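Below, each chain spelled out in residue letters.
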Amino acid sequence: MAPRTVTARHFLSIQDVASDLGRLIDHAARLKAQRRRARLRPSLSGRNIALIFEKPSTRTRTSFEVGIHDLGGDAIYYSPKEMQLGRGETIGDTARVLSRYVDAIVYRAFRHDSVLELAGSSTVPVINALDDREHPTQIIADLLTLSERWKGSFKGRRLAWIGDGNNVLHSLMLGAALVGLDLVCATPESYRPLPEIVAVAREYGRLHGAELTFTDDPAIAATDADALYTDVWVSMGDEAETAKREKAFRGFQINAELLARAKPSAFVLHDLPAHRGQEITDDVLDGSRSAAWDEAENRLHAEKAILELLLAPDRLPRSSPARAWAPKLRARRPARR
Ligand code: CP
Ligand code: NVA
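This structure is a prediction, so every number in the text was calculated from the model and none was measured.

## Some remarks on the site of ligand 1
- Around ligand 1, the structure places S57, T58, R59, T60, R108, H135, Q138, D271, L272 and R299.
- One of the backbone N or O atoms of R59 is found 2.9 Å from an oxygen atom in ligand 1.
- For ligand 1, whose accessible area on its own is 260 Å², the fraction buried by protein is 96%.

Right under this line is the structure:
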């Protein structure tokens, strides 16, 4: 078979769906309603999707596998040890070969450069299932969760991030700015997110009317917030820094006292897995104000929307006029500062 010359659409960063974010979230909500009514259409029938995971996963792997199955496709899971990749075959050669067999590749990697390398040689869509720079699929589920709780409008809402300036925060900053959601981040001074991603998020925020601010005081971030979000102090790949991080992040915990500073209606997000007793307490994670379990479920609906955006784009609505914030995704707004 001759090499395919199709240029695939990849999803490596929230930036890759900047102009589709509104309809992606709406579509995930629609797929969620359809699954509840068992009315999903097999848009991936006859399609095969490879999942390569260099790191452990419960939610991402399962939500992709179940989502692919729900849409009538087949998933093939690999840990690198099971592939020639683990014996030194290059990422580029792996991408070239898999592109001849499968219709998309979902890749969780230690290094963002590896994801770029795979996408650079793949003729089928590559989806970043988390690397050291971003976790974009997580943020589609998070925005769906926030949208559900706020009845579709992010206008005038403020989300507080408590913790590490990591991959999840990088994607969140971009996503929040694109939907016009204000984000205040409490991180230790030396664990701020990458300045280049802050700059892009601020530019999006300028266009869509969202503020992105930083503090090293969790109490300041939490005060009057509409929702709080945290993630582990020690991400996968950062284990060598565990002792240093546990010291630096002490106090960066969502507990009842911090939650009491937020609005009475505020709720709590956590992408999970949680390190209970570190970044979040049991009572908060298990309490009535925890949205973490809905957030985890929403990974399933988000993965399906992402797969359809890349492989069956006709399934997505053209626009989302019903969403108060959707027009902001298209219209250029005057700068607020
Ligand atoms: N939140 C998330 O990505 O979880 P997993 O590591 O279990 O996939
Ligand atoms: N920041 C975490 C997210 C886990 C889903 C990590 O990279 O390990």
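## Thoughts on the packing of helix α2 (residues 59-70) against helix α12 (residues 292-311)
- Two elements in contact, α2 and α12, have axes whose closest approach is 8 Å; the angle formed by their N-to-C orientations is 55 degrees. As far as their axial angle goes, α12 and α2 are oblique. The chirality of how α2 crosses α12 is right-handed. Contacts from R59, T60, S63, F64, V66, G67, I68 and D70 of α2 reach α12 at A296, R299, L300, E303, K304 and L307.
- Looking at side-chain class alone, the contact of α2 with α12 contains six nonpolar, three polar and five charged residues.

## Describing the sheet that holds strand β6 (residues 182-186)
- An order of β7-β6-β5-β8-β9 is seen for the five strands of this open sheet, with the pairing classed as parallel. The open sheet has two edge strands, β7 (212-215) and β9 (267-270), and neither has a second partner. Averaged over all pairs of adjacent strands, the angle between strand axes in this sheet comes to 20 degrees, irrespective of strand direction.
- Looking at chain direction, strand β8 (residues 227-230) and β9 are connected through four bridges and run parallel. Bridge pairing in β9 places T230 opposite H270.

## Some remarks on the pattern of salt bridges
- Taken as a whole and judged by the stated rule, the model has 22 salt bridges.
- The closest approach of N and O atoms between R96 and D93, which form a salt bridge, is 2.5 Å. With a gap of three residues between them, R96 and D93 both fall in helix α3 (residues 91-101), about one helical turn apart.
- Looking at D93, the relative accessible area reads 33%, which means it is partly exposed.
- The partner of D294 in a salt bridge is R149, with the nearest N and O atoms 2.6 Å apart. Highlighted residues: D294 in helix α12 and R149 in helix α5 (residues 136-149), separated in sequence by 145 residues.
- When salt bridges that share partners are traced, they join D164, D238, E241 and R245 into one network.

## Structural notes on the site of ligand 2
- Around ligand 2, the surrounding shell consists of L130, N166, N167, D231, V232, S235, M236, D271 and L272.
- Side-chain polar atom of D231 to a nitrogen atom of ligand 2: 2.6 Å apart, as the coordinates give it.
- One nitrogen or oxygen atom from the main chain of M236 is found 2.8 Å from an oxygen atom belonging to ligand 2.
- Coverage of ligand 2 by the protein chains reaches 95% of its 270 Å² of free accessible surface.
- Here the shell around ligand 2 is built from residues that sort into four nonpolar, three polar and two charged.

## Re the sheet that holds strand β2 (residues 74-78)
- Across the sheet, which stays open at both edges, the four strands sit in the order β2-β1-β3-β4 with parallel pairing between neighbours. Of all strands in the sheet, those bounded by a partner on one side alone are β2 and β4 (126-128). Recorded for the sheet is a direction-independent mean angle of 20 degrees between the axes of neighbouring strands.
- Both strand β3 (residues 104-108) and β4 contribute to a ladder of three bridges, which runs parallel. For V106, the partnering residue across the bridge sits in β4 and is I127.
- Strand contacts of α12: β1 (48-53), β3 and β4, with the helix running at about 150 degrees to β4, the strand carrying the most contacts.

## A look at α12
- Here α12 spans 29 Å end to end across 20 residues, near enough to the 28 Å set by a 1.5 Å rise per residue.
- R299 marks where α12 bends most, by close to 30 degrees.
- Burial analysis of α12 places 16 of its 20 residues in the buried class, the great majority of the element.

## Thoughts on the packing of aromatic side chains
- By the definition in use, this model includes seven aromatic pairs.
- Ring plane angle 55 degrees and centroid distance 5.7 Å describe the contact between W150 and F267, whose orientation is recorded as tilted. Highlighted residues: W150 in the loop between α5 and β5 (158-162) and F267 in strand β9, separated in sequence by 117 residues. F267 shares its class with W150; the two are buried.
- By way of ring pairs, the aromatic residues Y191, W233, F249 and F252 are connected into one cluster.
- When the ring centre of Y77 is taken as reference, the NZ or CZ atom of R61 above it lies at 3.4 Å.
- A cation sits over an aromatic face here: R149 above F267, 5.2 Å from the ring centre.

Rules and cut-offs
Residues numbered from 1 in each chain as written. Chains lettered and ligands numbered in written order. Predicted model: local features only at pLDDT ≥ 70, side-chain atom pairs only at ≥ 80, totals over all residues. Heavy atoms only, no water. Near = heavy atom within 4 Å. Polar contact = N/O pair within 3.5 Å; in protein donor to acceptor, adjacent residues only side chain to side chain. Areas by Shrake-Rupley, 256 points an atom, 1.4 Å probe, with all protein chains shown as cover. Axes fitted to C-alpha atoms, helices over the stretch in contact; angles between N-to-C directions. Helix = DSSP H or I, 4+ residues; strand = E, 2+ residues; numbered from the N terminus. Parallel < 35°, antiparallel > 145°, perpendicular 65-115°, else oblique. Left-handed = near helix turned anticlockwise from the far one by under 90°. Contact = heavy atoms within 4.5 Å. Nonpolar A, V, L, I, M, F, W, Y, C, P; charged D, E, K, R; others polar. Pairing = 2+ DSSP bridges. Salt bridge = Lys/Arg side-chain N within 4 Å of Asp/Glu carboxyl O. Buried < 20%, exposed > 50% of the residue type's maximum accessible area, 1.4 Å probe, protein only. Expected span 1.5 Å × (residues − 1). Bend = angle between axes of the 7 residues up to and from the residue. Phe/Tyr/Trp six-rings, centres within 6.5 Å; stacked < 30°, edge-to-face > 60°. Lys NZ or Arg CZ within 6 Å of the ring centre and 35° of its normal.

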